[in-house]
Amino acid sequence: MTVSYTAEVATCRRFGCFWKLLIRWRASIYKIIWVDLLTYLCCFYFMAIVYRYCLRENDRLIFEDIVMYCHSYGNLIPLSFVLGFYVSIIVDRWWNQYITVPWPDPLAVYVSALVRGQDEHGRLMRRTIMRYMCLALTMVLSMISPVIKRRFPTYEQLIEVGLLNVNEANIIKAMDVKFPKHPKYWMPIIWASSIVTRARKEGRIWDDFSLKSMIDELNKFRSGCNMLTHYDMISVPLVYTQVNHRSINEYNLYIFKTIVQVVTLAVYTYFLAAIFGHQWIDRESATGHYRNMVNYYFPVFGTLEFFFFMGWLKVAETLICPFGDDDDDFELNWVIDRNIQVSYLIVDEMHNEHPQLVRDQYWDEVFPNELPYLVEAERAEHPEASTAHLGLSKHTPRARERTTSIDSTEPDWTEFDNEDDNEADNELKIRFASRQFKWSRSSFSASDSLDDTLDFADGDLQAIAGTQPFPPSQDDFDRLKAEREQERLDRQMQQAARTLELMKNELGSKSGSESDSRHSMIAQRDMEVQTERSYTHHHRKQKDKDKGNEEDKKTE
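Residues numbered from 1 in each chain as written. Predicted model: local features only at pLDDT ≥ 70, side-chain atom pairs only at ≥ 80, totals over all residues. Heavy atoms only, no water.

Chemist: Pulling in residues and values, what's your account of the nonpolar core?
Modeler: Counting residues in hydrophobic clusters, the biggest one holds 83 residues, and the most contacted among them are V111, L141, L158, L228, V267 and F271. The dominant element in this core, judged by the number of residues it contributes, is helix 5 (residues 120–144), at 13 residues. Setting aside chain neighbours within four positions, we find L228 in contact with Q97, T100, V101, P102, L137, V140, L141, I144 and F323. (Core = buried A, V, L, I, M, F, W, Y, C linked by side-chain atoms within 4.5 Å. Buried < 20%, exposed > 50% of the residue type's maximum accessible area, 1.4 Å probe, protein only. Helix = DSSP H or I, 4+ residues; strand = E, 2+ residues; numbered from the N terminus. Contact = heavy atoms within 4.5 Å.)

Chemist: How would you explain the confidence of the model for the protein chain if you had to name every residue and give the values?
Modeler: A low pLDDT score tells you not to read the predicted coordinates there in detail. The predicted model of the protein chain has a mean per-residue pLDDT of 76, with 71% of residues at 70 or higher. In the model of the protein chain, strand 2 (residues 444–455) stands out as the element of lowest mean pLDDT, 46, in contrast to helix 9 (residues 187–201), which has the highest, 95. Long-range and interchain partners of residues 449–473, a stretch whose pLDDT sits below 50, account for 52 contacts in this model, where long-range means more than four residues apart. In this model, residues 522–533 is a region of pLDDT below 50 whose contacts with residues beyond four sequence positions or in other chains number 21 contacts. (pLDDT = per-residue confidence, 0-100.)

Chemist: Tell me what's going on with the packing of helix 5 against helix 10 (residues 208–233), and back it up with residues and numbers.
Modeler: Viewed as axis vectors pointing N to C, helix 5 and helix 10 meet at an angle of 5°, and their least axial separation amounts to 9 Å. Taken together, the axis directions place helix 5 and helix 10 in an arrangement best described as roughly parallel. Residue-level inspection shows M133, L137, V140, L141, M143 and I144 of helix 5 in contact with helix 10, the latter providing L218, F221, C225, L228, T229 and D232. Of the residues that constitute the contact of helix 5 with helix 10, the class distribution is 10 nonpolar, one polar and one charged. (Axes fitted to C-alpha atoms, helices over the stretch in contact; angles between N-to-C directions. Parallel < 35°, antiparallel > 145°, perpendicular 65-115°, else oblique. Nonpolar A, V, L, I, M, F, W, Y, C, P; charged D, E, K, R; others polar.)

Chemist: Describe helix 1 (residues 29–54), listing the residues and the values that go with them.
Modeler: Between its first and last C-alpha atoms helix 1 spans 36 Å; for 26 residues at 1.5 Å apiece the expected length is 38 Å, and the two agree. Within helix 1, the axis deviates most sharply at V35, by approximately 35°. Among all positions in helix 1, only I33, D36, L37, Y40, L41, F44, M47, A48, V50 and Y51 are buried. (Expected span 1.5 Å × (residues − 1). Bend = angle between axes of the 7 residues up to and from the residue.)

Chemist: Residues and numbers for the packing of aromatic side chains, please.
Modeler: Per the stated rule, a full pass over the model turns up 20 aromatic pairs. Between the aromatic rings of F44 and Y45, the centroid separation amounts to 5.7 Å while the plane-to-plane angle is 85°, which identifies the pairing as edge-to-face. We classify Y45 as partly exposed; its relative accessible area is 29%. Measuring from centroid to centroid gives 6.2 Å for W94 and W95, while their planes differ by 50°, and the two rings are tilted. Here the aromatic residues Y40, Y270, F271, F306 and F309 are joined through ring pairs into a cluster of three or more. In this structure, R52 is placed above the aromatic ring of Y296, and the distance from its NZ or CZ to the ring centre is 3.9 Å. Against the face of Y51 rests R60, its NZ or CZ located 4.6 Å from the ring centre. (Phe/Tyr/Trp six-rings, centres within 6.5 Å; stacked < 30°, edge-to-face > 60°. Lys NZ or Arg CZ within 6 Å of the ring centre and 35° of its normal.)

Chemist: Break down unusual backbone geometry for me, with residues and values.
Modeler: Peptide bonds are mostly trans, and most non-glycine residues show a negative phi. With phi around 55°, N352 is a residue other than glycine that occupies positive phi space. On the secondary structure map, N352 appears in the loop between helix 14 (332–349) and strand 1 (429–439). By relative accessible area, which is 48% here, N352 ends up partly exposed. Residues other than glycine seldom take positive phi values, yet V366 does so here, at roughly 70°.

Chemist: Account for a nonpolar patch on the surface, with residues named and values stated.
Modeler: Together, M293, V294, Y297, F298, V300, F301, L304 and F308 make up an exposed nonpolar region whose accessible area comes to about 830 Å². Of all the elements in the fold, those that place two or more residues in the nonpolar patch are helix 12 (293–297) and helix 13 (300–319). At four residues, helix 13 tops the list of elements feeding residues into the nonpolar patch. Relative to the assigned elements, F301 resides in helix 13. (Patch = residues over 30% accessible without salt bridge, like charges linked within 9 Å, V, L, I, M, F, W, Y side chains within 5 Å. Areas by Shrake-Rupley, 256 points an atom, 1.4 Å probe, with all protein chains shown as cover. Salt bridge = Lys/Arg side-chain N within 4 Å of Asp/Glu carboxyl O.)

Chemist: Break down the pattern of salt bridges for me, citing the residues and quoting the values.
Modeler: Where charged atoms of side chains with opposite charge meet at close range, the side chains can pair. This structure, assessed with the given rule, holds 21 salt bridges. Between D119 and R204 there is a salt bridge, and its shortest N-O distance comes to 2.8 Å. A residue pair is termed long-range when its members are at least 10 positions apart, and D119 in the loop between helix 4 (105–114) and helix 5 and R204 in the loop between helix 9 and helix 10 qualify at 85 residues. Residue class for D119 comes out partly exposed when judged on its relative accessible area of 36%. Salt bridges sharing common partners tie together D119, R198, E202 and R204.

Shown next as structure tokens:
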């Protein structure tokens, strides 16, 4: 299982927090590289002993030429580029494989909440659905992981642990005989979907939307299992656009094998040349590097170089398949055990169960101002925005002058020269009728009058019919908006009055009561409802009457 060190590096102090990790052995670089490093040093010292004690003078000259050649041209191998490209692909692929592993918890929550029924049959449905999902994941992991394959080599082991029944195993074996080329991990998922559909028909799932939500979660789980098989069959993502005479899977496997071969050859060829290139030689014409006495005893920087580059390669080799037995591989046995236990706990033990509803301690306060701390000194200050304490006086930007050319021939629509002159000619006066409604148990009446006036030109907007004048701070738009809203409400009231009278008339006619019919006709005559046309006609009459009065005053 992946070794976790998060708690040890949670807080960084003094010289850093990674120094304590250097003494680890499990999942460390020392554990995976010590054999290669020991082999490298043995080869290095073997060639040094041969050069110093075994070769003749002429052979020593040839060996020195080989050392100088390897040291000069060994750096031409693009080791950093090749390793960086390779390791970045492997690490990204390693993490994607982990997040692809499906977990049954979301589906278990759906099953517990939506598949209702406290009887034995409902409980059997919920447990069987989750057992099938855990079985499907176990079958997939046994296909891609040697660890799980050793634990469940056949269907009999699945029967022993309770993930599979005998009759279910016989059905899968029969399908293996008919279709031996394809894996059968999807069969338990199909069985689970059939149980969900049956629960909907029996009324244990109340609506079709709940059924769809569960089917979508089943498909999401199946998609994760399918993607794991793709990671096992295809070594690299499908990023190549042209394939000639090869299938996609074969071509990607061929490309990935080629990358692995290139990286492996580059690393091992580089350090094969380094065995010669870092040797100490005894030649007068050689530079100081070749005659350095440190290399005579131990290749310090050659060893560090091997440690870093070979360690980089070994890390990629460890992460390329996270389903194996390495220290940093996923603990899949724990995943299987955990899934079946948590699934049964959610759908059976915790089905329709919750603690008693009680008031929390902040019920009267609505929310707490500050939560208590065990150590009050650890209370942190609330974070503030980065510009909270910024001095604006020091950073006030200067106003920039903008020069724009204005065409004098173009009319300026922002100026209103004769606004005051035409104000009197464009006055709009609206007169509203005040309404009075009288309700009684046997009748309803409404009367209108035209005694109140609204004048937009003078800014004196008043609604005398039971309303207060608008405040002087409102602009024309707000006044007009309020006026329109009042008109709409009045029209609704008028329509309601007419509807009520019509309903009373119909009821009176059906009952055959002449007295009720007579009273309703009288009430209908008394009710005067002002429409737009009657209001316009009355307004014209009033205007003509006002003009006549003004002319009479002038003649007098």
